[in-house]
Amino acid sequence: MSYKAPRGTADILPQDANKWQFVEAKIKEICNRYHFHEIRTPLFEHTEVFQRGVGDSTDIVQKEMYTFEDRGGRSITLRPEGTASVVRSFVENKLYGSVNQPVKLYYFAQMFRYERPQKGRMRQLNQFGVEVLGSADPAVDAEVIDLAMTCYREMGLTSLKLVINSLGDKESRENHRQALIDHFTPHKNELCGDCQMRLEKNPLRILDCKKDREHPAMKTAPSILDYLNDESQCYFEKVKEYLTLMGIEYHVDKNLVRGLDYYNHTAFEIMSEADGFGAITTLAGGGRYNGLVEELGGPNAPGIGFGMGLERLLMALEAEQREIPVDSSLDCYCIAVGEQAEKEAVRLVHNLRNHGIQVDKDYQSKKMKGQFKAADRYEAKYVLILGEDELNQQHIAVREMKTGNQENIPLSEVVDVMKAKLLGGNQL
RNA sequence: GCGGCCGUGGCGAAGUGGUUAACGCACCGGAUUGUGGCUCCGGCACGCGUGGGUUCGAUCCCCACCGGUCGCCCCA
C-alpha cells in the first residue's frame, strides 16, 4: 500500500463503472433527441483561455486552477470548466461559419479544481455539459434548461429545485453595478474581507456571500431585477414564459449571480432537496454568455450552456434511492479438469466468444468444486463441463444452473446449441 | 487556506499501558477422490497510518507529519 491516488481523485471501480455507463448512455440518448452533437476538446488549454474566458476575479482563476509550465515554457492549465474550451474551439475551428446554426454541442469531460475535497467535491470531477452558440432566442435558454431537467427527470429524480435569475445585458449590469457600489461603500468596513475586495472587482458577487448574508445592507441592496432595461426585462419574461409552456417549475432568486464573470441575462442552478445529500446541493449550473465568443477572439455570437456534475448526479440518485438496473449475470462458464480438457476449453471458449456468446473460464487452477463455486458467484446461466470422460466421448456436459438440468452435447455442435439457447431464435 | 472527527487483516468492526490482538463477512482447504447455492470442521494480522517522545513496557498516553472524512469559503 505504498501509493495512493492523489487527494481529491478517485478510482471508479468496475462495480461503479456500470452506473457511470448507464448514466452516460442515458444522457447521450437524450442529447440525441434534442439534436445536440458531441464535442471533445483537450484536457488542458493555454492558461489565458481560462483567465480571459472565466474571468480574473473568479475563485476558479484566483485559487482553483491546476496551472503549470510545460517543457516549452508555456503556461498550461488543466480545464476547470467546459465553456471556455468549447468557445475557444468554436472560434478556432470557425464553427460560426457552419450552415447549421445555432451550433448545439454537448460534452463529457473531466474538470480539475484545486480545492479541499468534501462530499460532492473533488479535485478531478466529471461533468456533462452543453453549449448552444449562435442564437439569442430565449427559446434556446428554455431548451437548454429543459434538457438539463429532462436528464434528471428521466433518471427518476424528483427532489429538485430549479432556480433562475436574470443578470441583464451589459447596460443593465453596469447600472446595477454602480448602484451596488453606491449602496455598499458606506458599509465597506462592516463587510467580510472577501466582500471588501468584491466591492471593487465584482460587487455583484457580494449578494452571493454567505458570511454577510445577515448584514442589514444585504436586505436593502439594489436588485438586478430592478435595473434590467426594457430589452433585458423582455428577454427574461420570454424565458420564463417558455418554461411555463413546457410545464417546468422554477423559482426566481434575485441573489443568484453565479461565480463566473461571463454570464449575462439568464442564469440558473438546479439543486437537490433530497435528505442526506450533504452540504453542497448544486447539481448543475449555467447561464447565458453573450460576449464571450468575442472575448476569445471570435465574432459576435451569443451563447448559453450549463455544466452538470456527474458525481453529484450519482449522489442524488443514491439519496433518492433510485436503483440503477444492472445485469451482472454471465452467459456461460466453462469448467475444465485435466490437461487435455484445459486445452479444449481454451479453444472452445475462444470459439464461443467469436460467435457472440459471453463466456469465461477458470484461471486459478481450481478443482472442479471451486470452479463450480466461481460459476455460481458469477451467476452463470450455463456451465460447460469438460473432463476426461467428455473428451473420450467427444461431447461436453451442458448444465443449466438455475434448474440443475444437465445434458451431453457433441463437441462439434456445442457452439450452435449454445447460440440457440442464449441468442434465441432458430440460428441453427 | 481554516476547523471538527477518524486511521486495527481483502472489507466491516471490538479491544487493553504488560506473556497468544475478539467477532462478522469474504476467501482458501476438508467433510463430499468429477458437480454450485445449505450445513459442519479447520485455516487466514511477527501486526494495530508514519516518525519521534513518555514508560521497565505501548495498538492503546503525548507531539509532529501523512492520509481519509465532514464542514467553512466557493462551486459541478
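Values in this document were obtained by computation on a predicted structure and should not be read as measured data.

Topic: the protein's contact with RNA strand B
Next, step 1: If you check the shell around RNA strand B, you find 49 residues, and the closest are R113, R121, R258, K367 and M401.
Next, step 2: A share of 52% is what sugar and phosphate atoms reach among the atoms of RNA strand B within 4 Å of the protein.
Next, step 3: A distance of 2.7 Å is found between a phosphate oxygen of RNA strand B and a backbone nitrogen or oxygen belonging to A279.
Next, step 4: Elements supplying a minimum of two residues to the surface near RNA strand B: helix 3 (59-64), strand 6 (124-133), helix 7 (193-201), strand 10 (282-288), strand 11 (303-309), helix 14 (368-377) and helix 15 (388-393).

Notes on the sheet that holds strand 13 (residues 359-361)
Next, step 1: The strand order across the open sheet formed by five strands is 13-12-14-15-16, and the pairing between neighbours is mixed. Unpaired on one side and paired on the other, strand 13 and strand 16 (406-410) mark the two borders of the sheet. Mean inter-strand twist for the sheet, computed between neighbouring axes without regard to direction, equals 25°.
Next, step 2: Relative to strand 16, strand 15 (residues 395-400) is paired through five bridges, and the arrangement is antiparallel. Residue pairing across strands places R399 opposite Q406, the latter belonging to strand 16.

Points about the packing of helix 1 (residues 14-33) against helix 12 (residues 310-319)
Next, step 1: One way to put it is that helix 1 packs onto helix 12 with a least axis distance of 11 Å and a crossing angle of 105°. Compared by their axis directions, helix 1 and helix 12 come out roughly perpendicular. Contacts from K19, W20, V23 and I27 of helix 1 reach helix 12 at L310, E311, L313, L314 and L317.
Next, step 2: Counted by class, the contact of helix 1 with helix 12 contains seven nonpolar, no polar and two charged residues.

Some thoughts on the sheet that holds strand 8 (residues 251-252)
Next, step 1: The mixed open sheet is built from eight strands, whose spatial order is 1-5-6-11-10-9-7-8. Each having just a single partner strand, strand 1 (37-38) and strand 8 make up the two edges of the open sheet.
Next, step 2: Inspection of the sheet shows strand 9 (residues 264-272) paired to strand 10 by six bridges, in the antiparallel sense. Considered in strand 10, the bridge of N264 is made with R288.
Next, step 3: The sheet strands contacting helix 1 are strand 5 (103-112), strand 6 and strand 11, and the helix crosses strand 5 at an angle near 160°.

Concerning the UniProt feature "binding site: L-histidine" (unreviewed entry) in chain A
Next, step 1: In the numbering used here, UniProt assigns the "binding site: L-histidine" (unreviewed entry) feature to E81, G82, T83, R113, Q127, E131, R258, Y262 and Y263.
Next, step 2: Within the element layout of this structure, E81 appears in the loop between strand 4 (75-78) and helix 4 (83-92).
Next, step 3: In contact with E81, not counting residues within four places along its chain, are F50, V54, M111, R113, L260 and Y262.
Next, step 4: Here T83 takes part through its backbone nitrogen, which lies 3.3 Å from a polar atom of the side chain of E81.
Next, step 5: Overall, the relative accessible area of 8% leaves Y262 in the buried class.
Next, step 6: If near-sequence neighbours (up to four positions away) are discounted, Y262 is found in contact with G53, V54, E81, T83, R288, Y289 and L292.
Next, step 7: At a separation of 2.5 Å, a polar atom in the side chain of Y262 contacts the side chain of E81.

Points about the packing of aromatic side chains
Next, step 1: In the structure shown here, the tally under the stated rule is 10 aromatic pairs.
Next, step 2: Considering the side-chain rings of Y333 and Y378, the 5.8 Å spacing of their centres and the 40° angle between planes classify their relative orientation as tilted. Of this pair, Y333 sits in strand 12 (residues 330-336) while Y378 sits in the loop between helix 14 and strand 14 (380-386), and the two are 45 residues apart along the sequence.
Next, step 3: The ring of F108 is capped by K28, whose NZ or CZ atom sits 5.4 Å from the centre of that ring.
Next, step 4: Directly above the ring of Y363 sits K361, whose terminal nitrogen or CZ lies 4.5 Å from the centroid.

Quick notes on the nonpolar core
When a protein is soluble and globular, its nonpolar side chains tend to lie buried together.
Next, step 1: Counting 48 residues, the largest nonpolar core has I27, F128, Y152, I270, M308 and L313 as its most contacted members.
Next, step 2: Considering every element that reaches this core, the biggest residue donor is helix 5 (residues 138-154), with nine residues.
Next, step 3: Dropping the residues within four chain positions of it, F128 is found in contact with I27, C31, Y106, Y107, F108, C151, F306, G307, M308 and L310.
Next, step 4: In this structure, I39, A84, L167 and Y263 belong to the second largest nonpolar core, which totals 46 residues.

Some remarks on the side chain of Q371
Next, step 1: With respect to the helices, strands and loops of the structure, Q371 is situated in helix 14.
Next, step 2: When its relative accessible area of 2% is taken as the criterion, Q371 is described as buried.
Next, step 3: Reaching out from Q371, the side chain makes a polar contact with the backbone oxygen of A336 at a distance of 2.9 Å.
Next, step 4: Contact partners of Q371, with chain neighbours within four places excluded, come to Y333, C334, I335, A336, D362 and K366.

Scoring rules and cut-offs
Residues numbered from 1 in each chain as written. Chains lettered and ligands numbered in written order. Predicted model: local features only at pLDDT ≥ 70, side-chain atom pairs only at ≥ 80, totals over all residues. Heavy atoms only, no water. Near = heavy atom within 4 Å. Polar contact = N/O pair within 3.5 Å; in protein donor to acceptor, adjacent residues only side chain to side chain. Helix = DSSP H or I, 4+ residues; strand = E, 2+ residues; numbered from the N terminus. Pairing = 2+ DSSP bridges. Axes fitted to C-alpha atoms, helices over the stretch in contact; angles between N-to-C directions. Parallel < 35°, antiparallel > 145°, perpendicular 65-115°, else oblique. Contact = heavy atoms within 4.5 Å. Nonpolar A, V, L, I, M, F, W, Y, C, P; charged D, E, K, R; others polar. UniProt positions renumbered as here; feature names shortened; annotations may be inferred. Buried < 20%, exposed > 50% of the residue type's maximum accessible area, 1.4 Å probe, protein only. Phe/Tyr/Trp six-rings, centres within 6.5 Å; stacked < 30°, edge-to-face > 60°. Lys NZ or Arg CZ within 6 Å of the ring centre and 35° of its normal. Core = buried A, V, L, I, M, F, W, Y, C linked by side-chain atoms within 4.5 Å.

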